[in-house]
Amino acid sequence: MLGATSSGVSARQDGSVVATPAVRADQAGNSNHYRWITLGTMGGPRLSLDRAQPANLLLNGTQAHLIDAGDGAATEAFAAGAQFQMLRSIWISHIHFDHIGGLSAVLGLRLQVRTMTPLTIFGPPGIKGIVDDLIAAMRPSAELGYGVPGEVPLDPAAGIKVVEVNDGSVVNFDGFTVKVARNCHCSFPPGSAGDLKFRSLSFRFDLPGRSIVYTGDTGPCDSVERLAQGADLLVTELIDIEDTVNKMRLWYPDIPASELDKMEEHLRTHHLTTAEIGRMAASAHVGEVVATHIAGGGNAKAIADGGYVAEIHRFYNGPVTVAKDGEAF
């Protein structure tokens, strides 16, 4: 492992909290040293007191980049040492609610503290309409401002640019390159309306000195394996199929059986098991694996005693970590 460290918050005597940065002091001034921080490591829709919804952060001493923005992303990013004025980009892999539920808070709180630094939001087709609607919903609060007579309202769209990316897109941004691949989180028939409208994406961040591939949510997928070839770090989702299916049927007994069947089909075909992670990591010759987006929270014993790591190691010999919230790699 490249050296996971924990970030968090510590309490002052007055009861307030202060962020504990995930970047060590000796790295704070190194603009070429990026650390990947798993802000939220549980796949939705179930909530957990131990794991926030999916979100990640690329952080160096001066700039931050948010990758997916599940519920709690703003708080977790602050805990990792990222202030709003450091945020340069947001990368959305797909539009399921557990990956975009925290986007409104990030944008709204950013405006509320008068941060107007340029921010670019990248995502699949359709993300521009979503961001436009979020900004429209922010306008009444922006008009209210601090509620002081004579205040000039800020434009909530100021400084925000939205770029829709797709399979094969290559983006040069802020000194690094991001390659985009369409993954296998949907199974609409080729050429159908759903296939043409919706995209779920994986990203490869080629940074100064290292490369990081983020699978987002996906089933086994040749395009993701190609994207991951030779990467230093593979950040991948993980599902324990039987554990998750059993939990979903227990947690949501009021959902109609036909809907539960669709949910189970989705879980079994559009996510990655430990075996599938191990095979992909070995075939792509990646340097290290970090598993996140633990569907349903996973089996606590398999996480604690290294069972999931051992299952991945059946196929892949490199370092493997099942991440916790706030770990940096």
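This is a predicted model, so every value here is computed, not measured.

A. Main features of the overall build of the protein chain. A count of helices and strands for the protein chain gives eleven helices and 18 strands. What you see for the protein chain is a C-alpha radius of gyration of 20 Å, in line with the 20 Å of a compact globule of 329 residues. Expressed as lengths along the three principal axes of its C-alpha atoms, the size of the protein chain is roughly 65 × 50 × 40 Å. Looking at the protein chain as a whole, 50% of its 329 residues qualify as buried. Taking contacts inside the protein chain between residues at least 6 apart in sequence as the whole, the part at least 24 apart equals 67%. Accessible surface, the protein chain as shown: approximately 14,500 Å² in total, 55% of it carbon and sulfur. The protein chain carries 26 positive and 36 negative side-chain charges, and their two centres are separated by 4 Å.

B. Expanded view of the packing of helix α7 (residues 241-251) against helix α8 (residues 257-269). Taken N-terminus to C-terminus, the directions of α7 and α8 make an angle of 160°; their axes are 10 Å apart at the nearest point. Between α7 and α8, the interaxial angle falls into the category roughly antiparallel. Seen from above, α7 lies across α8 with right-handed handedness. For the pair α7 and α8, contact is made by Ile241, Glu242, Thr244, Val245, Met248 and Arg249 and by Leu260, Asp261, Met263, Glu264, Leu267 and Arg268, respectively. Each residue belonging to the contact of α7 with α8 can be placed in one class, and the counts come to six nonpolar, one polar and five charged.

C. Structural detail: a nonpolar patch on the surface. Together, Ile95, Phe188 and Phe198 make up an exposed nonpolar region whose accessible area comes to about 230 Å². Relative to the helices and strands, Phe188 is located in the loop between β12 (176-182) and α5 (193-197).

What counts and what doesn't
- Here the residue numbering is sequential within each chain, running from 1 through the sequence in written order.
- With the structure being a predicted model, the display of local features is reserved for residues of pLDDT at least 70 and the display and counting of side-chain atom pairs for 80 or more, all residues being used for whole-chain, interface and lining totals.
- Excluded from the side-chain calculations are hydrogens and water; all other atoms, namely the structure's heavy atoms, are used.
- Only DSSP runs of H or I reaching four residues or more are called helices, and only runs of E reaching two or more are called strands; each is numbered from the N terminus.
- Every radius of gyration here is taken over C-alpha atoms, with the globule rule written as 2.2 Å times N^0.38, N being the number of residues.
- Only protein chains enter the area calculation, which uses a 1.4 Å probe; residues under 20% of their type maximum are buried, those over 50% are exposed, and those in between are partly exposed.
- In this description, contact between two residues means that some pair of their heavy atoms is separated by no more than 4.5 Å.
- Per-residue accessibility takes into account occlusion by the displayed protein chains alone, with areas from the Shrake-Rupley method and a 1.4 Å probe.
- Positive: Lys, Arg. Negative: Asp, Glu. His and the chain ends are not part of the count.
- For this purpose, a charge sits on NZ of Lys, CZ of Arg, CG of Asp or CD of Glu.
- Working convention: axes come from line fits to C-alpha atoms, limited for helices to the stretch in contact. Angles between N-to-C directions cover 0 to 180 degrees.
- Each angle receives one of four descriptions, namely roughly parallel if under 35 degrees, roughly antiparallel if over 145, roughly perpendicular if within 65 to 115, and oblique otherwise.
- The handedness criterion is simple: a crossing whose near helix is rotated anticlockwise from the far helix by less than a right angle is left-handed, and one whose near helix is rotated clockwise is right-handed.
- Each residue is assigned to one of three groups, with Ala, Val, Leu, Ile, Met, Phe, Trp, Tyr, Cys and Pro labelled nonpolar, Asp, Glu, Lys and Arg labelled charged, and all others, Gly among them, labelled polar.
- Note on patches: the residues involved have over 30% relative accessible area and no salt bridge, like charges join within 9 Å, and the nonpolar side chains Val, Leu, Ile, Met, Phe, Trp and Tyr join within 5 Å.
- Between Lys or Arg on one side and Asp or Glu on the other, a salt bridge is scored when a side-chain nitrogen of the former is within 4 Å of a carboxyl oxygen of the latter.

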